[in-house]
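Take a look at the letters that make up each chain.
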Number of protein chains: 2
Amino acid sequence: MSPRNAVETKARLLAAARDVIRAKGYSATTVDDICAGAGVTKGGFFHHFAGKEQLGIAAAEHFDDMAAAIFAAAAYRGLPDPRDRVLGYVDFRAAMFAGEIPQYTCLLGTMVQEVYDTHPAIAAACDRAMSNHVRELARDIAAAKEKYAADAAWSPDSLGYHMQAVLQGAFILAKAKHDPTVAKESLAHLRRYIESLFPVPPLSREQNTHPG
Amino acid sequence: MSPRNAVETKARLLAAARDVIRAKGYSATTVDDICAGAGVTKGGFFHHFAGKEQLGIAAAEHFDDMAAAIFAAAAYRGLPDPRDRVLGYVDFRAAMFAGEIPQYTCLLGTMVQEVYDTHPAIAAACDRAMSNHVRELARDIAAAKEKYAADAAWSPDSLGYHMQAVLQGAFILAKAKHDPTVAKESLAHLRRYIESLFPVPPLSREQNTHPG
DNA sequence: AATTACATACCAACTAGTCGGTATATTTGA
DNA sequence: TCAAATATACCGACTAGTTGGTATGTAATT
C-alpha cells in the first residue's frame, strides 16, 4: 500500500483487473471498478495504461506470468515420469476447483470469449498466453508420448490444447451450475482419456518409472 | 418483414439477439444493436420484452428450442446403434466448425461466461437449456453404455456434460485463434475417448449393429 | 371502440477518456 | 551538501457520448 510506488500500483491495477474481469467479464467491468479495486483514481489508471484495451492486453500477459510461476512451482513438476507429470497437471487443476468461481477460472478464456471479434489485440494476447501455457504442457506430453505411445497418430500440441478445452469448458459448466461438481467430473473423464492414451506395460512398470 | 405481425417481430428480435450476442457478448450488445438487427425501434423492443435481461432469458430458451429441432432432425439420429448415435453427434458437431464463428458457437456458453454472477436469472436459463440438451444426449449415452460398457464407473450424465465441456472449450480455442483447426482436433480427441469407452467386441460386431 | 403493435422523442444514469493541478522522487548545479 | 529544476506518480472534477428505459403518440387489427 505504500504510495508513490509505480510498480506496485500497476501490479494492484493488474490484480484488480484480473479479479473483476473474471467476476463480471471484460465489457461489464468499468475502469472505475478496477480503480476502486486497486485503490487508485482514474488519473492514476490512465497514467499507467493508455486505455481499457491496453489494460486488457496487459492483464492477459500478467495472468500468463502468474500462471507460469504457479505451475512451475507445483509439486507434480518434480515427478520423474512424464506420464505422471501430465496426469499430475490434471489432478492439480482439478484440486483448484474450490472456493469462489472467479478465483479458479481463467481470465484468458473469459476475455477472449467476449472480445475475439471486437478487440482483436486482446484476443491475440489471450492466444499468446494460452499457447505459452500449452507449449510448456506439451513438453511433458511429448516426453510421455515418446515413452508410452510413440506411434500414436495425435500430436502433443493437439492434446495440450484439448486439455485446455476441457478446462475452459469445465469453467463454463461450473459457472452455469454455480457448482464445480460436474466440472470436476469432466476432468475425471479427461484423466481417464489420458491414461488410456499412455498405456503402461503391465510387467515393466517398475523399470519404466526410472527417468530417461 | 410483414409489419404488424407480433410473433414474427418477436422471432426477429430473438434471432438478432442470438446473432449479435454470439458476436459481441451479452454486456457489449446494446438493445439498439438488437433493434437494428431486427429492423425494429426501441418502442417495439420494449413492447415485447420487459428489459434486456428478459431478452437474454428468452434468447437462451429460444436457442434451446432451435438446437433441439436441429439435432432431432439430424441424420445420425436414425442410426440403429446408440454407440453410433453418440459418435454421430460428435461428428455432426465437428462438421459445424465452418464459416463465421458466431454461426457455430454456443449462445449459452457465451452468455453464462459473462453473467453467471451479475445476472443469475440468465445464468439459470442457460443452465436449464444446456441441461435439456445434455438430457437428450445422455439417453443415447445410457443406451450405449448398457450395451457396451454396462459396468463402467462413470455416469451417462457426466459424459454428456463432458462432451459439452469439450465443445465449449473448443469454441474458446476457435475464438482465440480465429481458426477452427485446433478446435476440431479437440473433438477428434473426444471422439477417440468415446470410442475407447464403448469397446466393440471384435467378433460380434455384425450382430451388435442390430437394434435392441 | 378498444386493444394491440409498433414508432418517436426524450431522459437520467453511466462510461471512457481528458485536463489542470499537486505531491513526491530524481537529477542537476554550484 | 543542499537547493533549484525537472520528471514522475497520482488526484479529482469535468466532458462528450452512450445506455437502458420511459412517456406519448399513432396506425392497424379485432
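Structure: see above.
What counts, and at which threshold
- Throughout this description, residue numbers start from 1 for each chain and increase along the sequence as written.
- Here the convention is simple: chains get letters from A, ligands get numbers from 1, in the order in which they are written.
- Totals for whole chains, interfaces and linings use all residues, but because this is a predicted model, local features are given only for residues with pLDDT of at least 70 and pairs of side-chain atoms are given and counted only at 80 or more.
- Values shown for side chains rest on all heavy atoms present in the structure; no hydrogens or waters enter the calculation.
- Strands are runs of DSSP state E lasting at least 2 residues, helices are runs of H or I lasting at least 4, and numbering of each runs from the N terminus.
- Note on definitions: a residue-residue contact is assigned when non-hydrogen atoms from the two residues lie within 4.5 Å.
- With residues, only the protein chains shown are counted as cover, and all accessible areas are computed by Shrake-Rupley using a 1.4 Å probe.
- Counting rule for charge: Lys and Arg are taken as positive, Asp and Glu as negative, and neither His nor the chain ends is counted.
- All charge positions are set by atom: Lys at NZ, Arg at CZ, Asp at CG, Glu at CD.
- Relative accessibility decides the category of a residue: with a 1.4 Å probe and only protein chains considered, values under 20% of the type maximum give buried, values over 50% give exposed, and everything between is partly exposed.
- We call a residue near a given molecule or strand whenever any one of its heavy atoms falls within 4 Å of it.
- Polar contacts, as counted here, are pairs of nitrogen or oxygen atoms within 3.5 Å of one another; within protein the pair requires one atom able to donate a hydrogen and one able to accept it, and residues that are adjacent in sequence qualify only if both atoms are side-chain atoms.
- Just so you know the grouping, Ala, Val, Leu, Ile, Met, Phe, Trp, Tyr, Cys and Pro go in nonpolar, Asp, Glu, Lys and Arg go in charged, and all remaining residues, Gly too, go in polar.
- Between the first and last residue of a helix there are one fewer steps than residues, each counted as 1.5 Å, and that sum is the expected span.
- Accessible area that two parts lose when put together, with a 1.4 Å probe and added across both, is what the buried area reports.
- Salt bridges are identified by distance alone: a Lys or Arg side-chain nitrogen within 4 Å of an Asp or Glu carboxyl oxygen.
- For this analysis, a nonpolar core means a set of buried residues of the types Ala, Val, Leu, Ile, Met, Phe, Trp, Tyr and Cys, connected via side-chain atoms within 4.5 Å.
- When the copies are superposed, the least-squares fit draws on C-alpha atoms of residues that have pLDDT of at least 70 in both.
- Put simply, two rings from Phe, Tyr or Trp (the six-membered ring, in Trp's case) pair if the centres are within 6.5 Å, and we call them stacked under 30 degrees between planes, edge-to-face over 60, tilted for the rest.
- For a Lys NZ or an Arg CZ to count as sitting over a ring, it must be within 6 Å of the ring centre and within 35 degrees of the ring normal.
- Axis geometry follows a simple rule: fit a line to the C-alpha atoms, using only the stretch in contact for helices, then measure angles between N-to-C directions, giving values from 0 to 180 degrees.
- Any angle from 65 to 115 degrees is called roughly perpendicular, while one under 35 is roughly parallel, one over 145 is roughly antiparallel, and all others are oblique.

### Some points on the overall build of chain A
Here's step 1: Helix and strand counts for chain A stand at 11 helices and zero strands.
Here's step 2: Along chain A, from the amino end to the carboxyl end, the secondary structure elements read α-α-α-α-α-α-α-α-α-α-α.
Here's step 3: Principal-axis analysis of the C-alpha atoms places the extent of chain A at approximately 65 × 35 × 30 Å.
Here's step 4: Considering only contacts within chain A whose residues lie at least 6 apart along the sequence, 69% involve residues at least 24 apart.
Here's step 5: Only carbon and sulfur atoms are counted for the fraction: they give 55% of the accessible area of chain A, which is about 9,200 Å².
Here's step 6: Within chain A, one finds 23 positive and 24 negative side-chain charges whose respective centroids are separated by 2 Å.

### Describing the environment of B:Ala176
Here's step 1: Relative to the elements of secondary structure, B:Ala176 occurs in helix H9 (residues 156–177).
Here's step 2: The exposure class of B:Ala176 is buried, given its relative accessible area of 7%.
Here's step 3: Not counting the four nearest positions on each side in its chain, B:Ala176 is found in contact with A:Val112, A:Ala123 and A:Asp127.

### A closer look at the protein's contact with DNA strand D
Here's step 1: In the vicinity of DNA strand D there are 18 residues, among which A:Arg4, A:Thr9, A:Gly43, A:His48 and B:Lys42 approach most closely.
Here's step 2: Among the atoms of DNA strand D close to the protein, meaning within 4 Å, 51% are from sugar or phosphate groups.
Here's step 3: At 2.5 Å from a phosphate oxygen of DNA strand D is found a side-chain nitrogen or oxygen belonging to A:Thr9.
Here's step 4: A:Gly43 places a main-chain nitrogen or oxygen 3.1 Å from a base oxygen of DNA strand D.
Here's step 5: Taken together, the elements giving at least two residues each to the surface near DNA strand D come down to helix H1 (6–24) and helix H3 (42–48) of chain A together with helix H3 (42–48) of chain B.
Here's step 6: Its residues assigned to classes, the surface near DNA strand D shows four nonpolar, 10 polar and four charged.

### What to know about H9(B)
Residue and element names in this part refer to chain B.
Here's step 1: With 22 residues, H9 should cover 32 Å at 1.5 Å per step; its first-to-last C-alpha distance of 32 Å lies within 8% of that length.
Here's step 2: Of all 22 residues in H9, 19 are buried; the element is thus mostly enclosed.
Here's step 3: Downstream of H9 by a residue or two, His178 has a phi angle that is positive, lying close to 50 degrees.

### What about the interface of chain B and chain A?
Here's step 1: Opposite the 45 residues of chain B that make contact, chain A presents 45 residues.
Here's step 2: Together, the buried faces of chain B and chain A total about 4,000 Å²; carbon and sulfur atoms form 64% of this surface.
Here's step 3: When the buried surface of chain B facing chain A is broken down by residue, B:Gln113, B:Tyr116 and B:His189 rank first, second and third, together holding 19% of it.
Here's step 4: On inspection of chain B and its partner chain A, the count reaches two salt bridges.
Here's step 5: Note that A:Asp127 is salt-bridged to B:Lys177, the shortest N-O span being 2.7 Å.
Here's step 6: Counting only elements with at least two residues in the side of chain B that touches chain A, the list comes to helix H1 (6–24), helix H6 (101–104), helix H7 (107–115), helix H8 (120–148), H9 and helix H10 (181–197) of chain B.
Here's step 7: Looking at the side of chain B that touches chain A, the element that brings in the most residues is H9(B), giving 14 residues.
Here's step 8: Grouping the constituent residues of the side of chain B that touches chain A by class yields 21 nonpolar, 15 polar and nine charged.

### Let's talk about the side chain of B:Ser131
Here's step 1: Of note, B:Ser131 is situated in helix H8.
Here's step 2: You can call B:Ser131 buried: its relative accessible area is 12%.

### What about the nonpolar core?
Here's step 1: Core analysis: the largest hydrophobic core is formed by 141 residues, its most contacted members being A:Met163, A:Phe198, B:Met163 and B:Phe198.
Here's step 2: When residues no more than four places from it in sequence are discounted, the contact partners of A:Met163 are A:Val86, A:Tyr89, A:Val90, A:Leu137, A:Ile141, A:Leu190 and A:Ile194.

### Let's talk about the environment of A:Ala72
All names here are of chain A.
Here's step 1: Within the secondary structure layout, Ala72 lies in helix H4 (residues 52–73).
Here's step 2: Judged by relative accessible area, which is 55%, Ala72 ranks as exposed.
Here's step 3: When the C-alpha positions of Ala72 and Ala17 are compared, they lie 23 Å apart, and in sequence the two are 55 residues distant.

### Concerning the relation of the copies chain B and chain A
Here's step 1: After a rotation of 180 degrees and a shift along the axis of 0.0 Å, chain B superposes on chain A with an RMSD of 0.0 Å. On this basis, the relationship between the two copies can be described by a two-fold rotation axis.
Here's step 2: Take the interface residues of chain B: 100% of them recur as interface residues in chain A, which is what a same-surface contact looks like.

### A few points about H1(A)
Here's step 1: Taking 1.5 Å per residue as the helical rise, H1(A) with its 19 residues ought to reach 27 Å, and the 26 Å between its terminal C-alpha atoms agrees with that figure.
Here's step 2: Looking at H1(A), one finds that the buried residues are A:Thr9, A:Leu13, A:Leu14, A:Ala16, A:Ala17, A:Arg18, A:Val20, A:Ile21, A:Arg22 and A:Ala23.
Here's step 3: Structurally, H1(A) contributes buried residues whose contacts are with helix H2 (31–38), H3, H4, helix H6 (101–104) and helix H7 (107–115) of chain A together with H7 of chain B.
Here's step 4: Looking one or two places after H1(A), you find A:Gly25, whose phi comes out positive at around 85 degrees.

### Remarks on the packing of aromatic side chains
Here's step 1: The final tally for this structure, using the stated rule, is 21 aromatic pairs over all chains.
Here's step 2: Judged by centre distance (5.0 Å) and plane angle (75 degrees), the ring pair of A:Phe45 and A:Phe46 falls under edge-to-face.
Here's step 3: Here A:Phe45 falls in the buried class, since its relative accessible area comes to 0%.
Here's step 4: Each ring, one from B:Phe71 and one from B:Tyr89, has its centre 5.5 Å from the other, and the planes form 40 degrees; the classification is tilted. Of this pair, B:Phe71 sits in helix H4 (residues 52–73) while B:Tyr89 sits in helix H5 (residues 82–95), placing them 18 residues apart in sequence.
Here's step 5: According to the relative accessible area criterion, B:Tyr89 is buried, its value standing at 2%.
Here's step 6: The rings of A:Phe71, A:Tyr76, A:Tyr89 and A:Phe92 are connected pair by pair, giving a single aromatic cluster.
Here's step 7: In this structure, A:Arg83 packs its charged tip against the face of A:Tyr148, placed 6.0 Å from the ring centre.
Here's step 8: One residue, B:Lys52, lies across the ring of B:Tyr26, its end atom 4.4 Å from the ring centre.

### As for the packing of H4(A) against helix H8 (residues 120–148) of chain A
Residues and elements named next belong to chain A.
Here's step 1: Here H4 crosses H8 at 10 degrees, and the two axes come no closer than 8 Å. Taken together, the axis directions place H4 and H8 in an arrangement best described as roughly parallel. Residue-level inspection shows Glu53, Gly56, Ile57, Ala60, Glu61, Asp64 and Phe71 of H4 in contact with H8, the latter providing Ala121, Ile122, Ala125, Cys126, Arg128, Ala129, Asn132 and His133.

### What about the side chain of B:Thr29?
Here's step 1: Note that B:Thr29 resides in the loop between H1 and helix H2 (31–38).
Here's step 2: Excluding its chain neighbours within four sequence positions, the residues that come into contact with B:Thr29 are B:Val20, B:Ile21, B:Lys24, B:Ile34 and B:Lys52.

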